[in-house]
Structure formats: C-alpha cells, structure tokens
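Okay, here's what each chain looks like letter by letter:
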Amino acid sequence: MTSAIYECMRYDSSVQALQRVALEDLEVAGIQFKKGTLVLLSLGSANRDPEQYDDPDTFNIERPETGMPLWFAAGIHYCIGARLAMLEMETAVSTLLRRFPTLRLTNLDSLEYQPRNVMRGVKSIMASL
Ligand code: HEM
C-alpha cells in the first residue's frame, strides 16, 4: 500500500508547484538567478523526471523506490505533516478496499479537475464510482 500511495503522489502530485525567492545571486544547474528573482518550481514535472524514474508517464504501483520523492517538497520547508498524510492515506485506502473489495473507478478519462495550477485535485470522484 505504501508503494501504491507513493506512486499516486508521484504520478499526479497534489502540490504541483512551489515558489521561492533567491536571497542572493546564485547559479543552479548552470542557470544564473539574480537576488530577488521569483522562481516557480514544478514538483509535478520533477516527479516525472526521466533521469529519476524509468518510464515516468506510466502509472505503476509496483515501481521500485528510486530517486528523491518530491511530493512533500524537500529541505527546510519539507512538509511537516508528511508522515501523518501518508498514514491517513494508507489507512483510508486500505480500509476502503477491505470494506468494498469489488470497488472500481470507471470513467477515469472524464474526471473533472479543479481549475487551479498549484493545488491539484479532482472536483469529485463520486460520479466515477
Ligand atoms: C497529501 C497531503 C499533503 C501534501 C501533498 C503536502 C505537501 C506539502 C508541500 C509540497 C509542502 C512544502 C511547501 C513549500 O515548500 O513551499 C508542505 C509544507 C507543509 N505542510 Fe504539507 N502536505 C500534505 C499534508 C500535510 C498535513 C496533513 C499537514 C499537517 C498536519 C501539513 C503541514 C504542512 C506544513 C506546516 C508545511 C510548512 C512547512 C514549512 O514551511 O516549514 N501538510 N506540504
């Protein structure tokens, strides 16, 4: 279940982007950032980095753990609720599948997403159950 939740978070991250401001002139991966530059970091893109994940656009709940998971960010602002969020998701999905073992999602291709760029999520999955 842990690896299934990891894959869901990797494949379709709830937090798609973060913002940072350069506190000083700096260079990252050959790119120069002047002090004060606002930088938009795409976690959604990093989570599908082909240098970190084989076949990144394929959803695979048995994917071996590789790379640095970024769906809870990294560094000093790493999500303080990551452990709790993982526990909640694992408990909720395990319980749901135990109680409703034949539960299936249908019409996945017609899910409607919230019109937001940063916090990604569907409007409802009820219509798909
Ligand atoms: C699936 C659920 C969650 C996701 C995807 C998530 C994701 C994230 C991400 C990406 C950040 C970094 C923000 C940044 O660097 O600008 C963050 C920070 C944070 N998260 Fe979460 N989070 C989740 C659940 C939670 C929960 C359950 C809590 C609290 C109970 C929580 C509390 C926080 C706090 C306080 C920060 C700020 C940490 C800091 O700035 O030092 N999160 N989260």
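Here is what the cut-offs are and how they apply
- Residues numbered from 1 in each chain as written.
- Predicted model: local features only at pLDDT ≥ 70, side-chain atom pairs only at ≥ 80, totals over all residues.
- Heavy atoms only, no water.
- Axes fitted to C-alpha atoms, helices over the stretch in contact; angles between N-to-C directions.
- Helix = DSSP H or I, 4+ residues; strand = E, 2+ residues; numbered from the N terminus.
- Parallel < 35°, antiparallel > 145°, perpendicular 65-115°, else oblique.
- Left-handed = near helix turned anticlockwise from the far one by under 90°.
- Contact = heavy atoms within 4.5 Å.
- Nonpolar A, V, L, I, M, F, W, Y, C, P; charged D, E, K, R; others polar.
- Phe/Tyr/Trp six-rings, centres within 6.5 Å; stacked < 30°, edge-to-face > 60°.
- Buried < 20%, exposed > 50% of the residue type's maximum accessible area, 1.4 Å probe, protein only.
- Near = heavy atom within 4 Å.
- Polar contact = N/O pair within 3.5 Å; in protein donor to acceptor, adjacent residues only side chain to side chain.

Chemist: Could you give an account of the packing of helix α1 (residues 2-11) against helix α3 (residues 82-99), with specific residues and numbers?
Modeler: Interaxial distance between α1 and α3 falls to 10 Å at its minimum, and their mutual angle equals 115°. In terms of orientation, α1 and α3 fall into the roughly perpendicular class. Relative to α3, α1 is oriented so that their crossing is right-handed. Residues T2, I5, Y6 and M9 of α1 touch α3, and the partners they reach there are M86, M89, E90 and V93. Its residues placed into classes, the contact of α1 with α3 shows 6 nonpolar, 1 polar and 1 charged.

Chemist: How would you sum up the packing of aromatic side chains? Please name residues and give values.
Modeler: One pass over the structure, following the stated rule, counts 3 aromatic pairs. Note on Y11 and F59: the rings are 5.4 Å apart at their centroids and 70° apart in plane angle, and the pair reads as edge-to-face. With Y11 in helix α1 and F59 in the loop between α2 (43-46) and α3, this residue pair connects regions lying 48 residues apart in the sequence. We classify F59 as partly exposed; its relative accessible area is 42%. Between F72 and Y78, the ring centres sit 6.4 Å apart and the planes meet at 70°, which makes this aromatic pair edge-to-face. Assessed through its relative accessible area of 13%, F72 is described here as buried.

Chemist: Now, about the site of the ligand: what can you tell me, with residues and values included?
Modeler: Lining the immediate environment of the ligand, one finds 17 residues, of which R20, H77, C79, I80 and G81 sit closest. Between the ligand and R20, the relevant distance is 2.5 Å, taken from an oxygen atom to a side-chain nitrogen or oxygen of the residue. Sorting the residues of the shell around the ligand by element identifies β1 (17-21) and α3 as the ones contributing at least two each. At 3 residues, α3 tops the list of elements feeding residues into the shell around the ligand. Each residue belonging to the shell around the ligand can be placed in one class, and the counts come to 13 nonpolar, 3 polar and 1 charged.

All quantities given are derived from atomic positions and should not be read as evidence of function.
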